[in-house]
Protein chains: 2
Amino acid sequence: MQKQQTLSRNQKIIFDLIDKSQEPMKAYSILFNVQKKGIKAPLQVYRALDKLVEIGKIHKIESRNAFIACQNSSCQISKATAFSICESCENVSEISNTKLSKYLSNFAESSGMKYSKYNLEFFGLCKKCKSK
Amino acid sequence: MQKQQTLSRNQKIIFDLIDKSQEPMKAYSILFNVQKKGIKAPLQVYRALDKLVEIGKIHKIESRNAFIACQNSSCQISKATAFSICESCENVSEISNTKLSKYLSNFAESSGMKYSKYNLEFFGLCKKCKSK
DNA sequence: TAACACTATGTAATAATATAACATTTACAT
DNA sequence: ATGTAAATGTTATATTATTACATAGTGTTA
């Protein structure tokens, strides 16, 4: 376990918004939603997002340019992220599977590079959408 | 093996440029490089890129918004892509490892979703950079 | 060959995503 | 109280990507 981070004002406002959201949020949608709380500029949002990603409270879904709260309570720093993404409803869920992450970090360790992290995105239809 | 695609004029110009490049290329850098060949607008580039990705001739490196030619001659449609990315020199190399792709597609198949593809990006220091 | 569908192209405008540069303030350890 | 690192505020701008609309090429098949 890492030590608990204290979030700054802006970081907390933005984390709370993302954490409450049922779906990944985009930066400018976040901006729109926090303007009433005094966060007026894109850069304020991006700075908080960068920090929140760095400390593992949120993850960026690279293929969507969107952010979700970490679903895995024990993950304070994200060195190993995996998601499944529905191409129909755009639902994203975080995968937390010890075997998978062991397999992938072992793979990376044995590849010749000095491995620091990975990101994996699966695409397809989620349970709901595939039965439609 | 899939059937061989014939590339259109713009697709061929853009594929050749990416294929010759030693590093991933960004869309506007591609645009700059093909203007002398009559491709003047971003959309012309993005349309060709979309098609080339679709038929598996190139891949998009999502974390970098950049494109590289497929290194794997037998891969005509990219349902399973993996890369290692150097955080220092930004070198990107495609990983083509049958065991890895089997492991990941099996994982996806057993996850409950109707799996169609994945993308995996490893980050760290490449061989050259780690010894500096 | 004419009619059709499909794919690709050309062009202008604009939307969406992200960062640079600079000034100021806050948190907090010494 | 002082130094330092982190965070904030603000303006402007860079970068990445799409919408909308008009036109042209390619290949089938009637």
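Structure shown above.
Report follows, based on the coordinates. (Residues numbered from 1 in each chain as written. Chains lettered and ligands numbered in written order. Predicted model: local features only at pLDDT ≥ 70, side-chain atom pairs only at ≥ 80, totals over all residues. Heavy atoms only, no water.)

So, the interface of chain A and chain B
What counts is decided by this rule: What makes two residues a contact is simply this: any of their non-hydrogen atoms within 4.5 Å. Reported buried area values correspond to the accessible surface (1.4 Å probe) lost by two parts on association, with both partners' losses combined. The rule for a salt bridge is simple: a side-chain nitrogen of Lys or Arg has to be within 4 Å of a carboxyl oxygen of Asp or Glu. Within 3.5 Å is the distance limit for a polar contact, defined as a pair of N or O atoms, with the added protein rule that one can donate a hydrogen and the other accept it, and that residues adjacent in sequence qualify only through two side-chain atoms. Runs of H or I in DSSP of at least four residues are treated as helices and runs of E of at least two as strands, each being numbered from the N terminus. Here the term charged refers only to Asp, Glu, Lys and Arg, the term nonpolar to Ala, Val, Leu, Ile, Met, Phe, Trp, Tyr, Cys and Pro, and the term polar to all other amino acids, Gly among them.
Taken together, the 31 residues of chain A in the interface contact 31 residues of chain B. At the boundary of chain A with chain B, total buried surface from both sides reaches about 2600 Å², with 65% on carbon and sulfur atoms. Its largest share of buried area at the contact with chain B, chain A owes to Phe107, Met113 and Phe122 of chain A, together 22% of the area lost on that side. The interface formed by chain A and chain B contains two salt bridges. Glu87 of chain B is the salt-bridge partner of Lys117 of chain A, the closest N and O atoms lying 3.7 Å from each other. For the pair chain A and chain B, the number of links is 12 residue pairs in polar contact (both at pLDDT 80 or more). Secondary structure elements with two or more residues in the side of chain A that touches chain B: β3 (80-86), α4 (98-109), β5 (114-125) and α5 (127-130) of chain A. Tallying contributions element by element places β5 of chain A first for the side of chain A that touches chain B, with 12 residues. The class makeup of the residues in the side of chain A that touches chain B is 15 nonpolar, eight polar and eight charged.

Points about the relation of the copies chain A and chain B
Note the threshold: Superposing the copies works by least squares over the C-alpha atoms of residues that have pLDDT at least 70 in both of them.
With an axial shift of 0.0 Å and an RMSD of 0.0 Å, the rotation relating chain A to chain B amounts to 180 degrees. The superposition of one copy onto the other is thereby described by a two-fold rotation axis. Minimal C-alpha separation from the rotation axis in chain A is found for Leu120 of chain A, amounting to 2.2 Å. Most of the interface of chain A is mirrored in chain B, where 100% of its interface residues again form contacts.

A few points about the packing of helix α2 (residues 27-34) of chain A against helix α3 (residues 42-54) of chain A
All names here are of chain A. The criterion, for reference: An axis is simply a line fitted to the C-alpha atoms; with a helix, the fit covers only the stretch in contact. Between two such axes, the angle follows the N-to-C directions and lies from 0 to 180 degrees. To sort the angles, those under 35 degrees are grouped as roughly parallel, those over 145 as roughly antiparallel, those from 65 to 115 as roughly perpendicular, and the leftovers as oblique. Rotating anticlockwise by less than a right angle from the far helix to the near helix defines a left-handed crossing, while the corresponding clockwise rotation defines a right-handed one.
Where α2 contacts α3, the two axes come as close as 9 Å, and the packing angle between them is 115 degrees. With respect to each other, α2 and α3 are oriented roughly perpendicular. Like other packed secondary-structure pairs, α2 and α3 cross with a definite hand, here right-handed. Between α2 and α3, the contacting residues are Ala27, Tyr28, Ile30 and Leu31 on the first element and Pro42, Val45, Tyr46 and Leu49 on the second. Of the residues belonging to the contact of α2 with α3, the class tally is eight nonpolar, no polar and no charged.

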